[in-house]
Amino acid sequence: MDRVLTPKDADFSARVRASFNRQQVMAALGVTLVKVDPGRVELELAFDPRLTQQHGFMHAGIIATGLDSACGYAAFSLMPADAGVLSVEYKINFLAPAAAERFLLVGTVVKDGRTLSVCQGEAIGIRGSERPLIATMTCTVMTVLGRGDIQQ
């Protein structure tokens, strides 16, 4: 049975989208925000030969960067309107070479805490009808309150 996650801010989707649009690294990598639900965010990354490693696969660091943002925004979607978000830890497992036309990067909240939230990330390669799981991530995300140097 799926848990129902309730955002603390009714305008969570607009807040996530506005924050995502300020992330210059996502724009530089060509990552787009596809879907925002309470506790779940989907991003998409098109294959780009400029972002590959020596074998022509999308670089592991690029996949990790996208998954980190997907998990962070999944947690952010459940936070109060005045909160900021920071990742404090993650572990990633690469399961298959990142060889696809594009990648779906999904972040889902597993445990929504007051200060720390735990998220699960999945990178799925999309090539024709194939949808291999490329990587999984477990990410711990911190809710940041009362810090003027951390923008919402």
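Here's what I pulled together on the structure shown here. (Residues numbered from 1 in each chain as written. Predicted model: local features only at pLDDT ≥ 70, side-chain atom pairs only at ≥ 80, totals over all residues. Heavy atoms only, no water.)

Here we look at the nonpolar core
The tendency in soluble globular proteins is for nonpolar side chains to be buried side by side.
For step 1, the next point in the chain: Membership of the largest hydrophobic core comes to 40 residues, with the highest contact counts inside it found for Leu43, Leu45, Met58, Ile63, Leu67 and Phe103.
For step 2, the next point in the chain: At the level of secondary structure, the elements contributing two or more residues to this core comprise α1 (12-22), α2 (24-29), β1 (31-37), β2 (40-46), α3 (60-76), β4 (102-111), β5 (116-126) and β6 (133-144).
For step 3, the next point in the chain: Element by element, the count of residues in this core is highest for α3, at 10 residues.
For step 4, the next point in the chain: Sequence-distant contacts of Phe103, that is, excluding residues within four places in its chain, are made with Leu43, Glu44, Leu45, Phe47, Met58, Ile63, Ala98, Ile124, Gly125 and Ile134. (Core = buried A, V, L, I, M, F, W, Y, C linked by side-chain atoms within 4.5 Å. Buried < 20%, exposed > 50% of the residue type's maximum accessible area, 1.4 Å probe, protein only. Helix = DSSP H or I, 4+ residues; strand = E, 2+ residues; numbered from the N terminus. Contact = heavy atoms within 4.5 Å.)

Notes on the pattern of salt bridges
For step 1, the next point in the chain: All told, the structure shown has 7 salt bridges when counted by the stated rule.
For step 2, the next point in the chain: As a salt-bridge pair, Asp37 and Lys35 come within 3.6 Å of each other at their nearest N and O atoms.
For step 3, the next point in the chain: With relative accessibility at 27%, the residue Asp37 sits in the partly exposed group. (Salt bridge = Lys/Arg side-chain N within 4 Å of Asp/Glu carboxyl O.)

Re the sheet that holds β1
For step 1, the next point in the chain: Spatial strand order, β1-β2-β4-β5-β6-β3: 6 strands in an open sheet with antiparallel pairing. The strands lining the two open edges of the sheet, one partner per strand, are β1 and β3 (84-94). If you compare each strand with its neighbour and ignore which way they point, the axes differ by 20° on average.
For step 2, the next point in the chain: Pairing between β4 and β5: 9 bridges, direction antiparallel. (Pairing = 2+ DSSP bridges. Axes fitted to C-alpha atoms, helices over the stretch in contact; angles between N-to-C directions.)

Shape descriptors only; they carry no functional weight alone.
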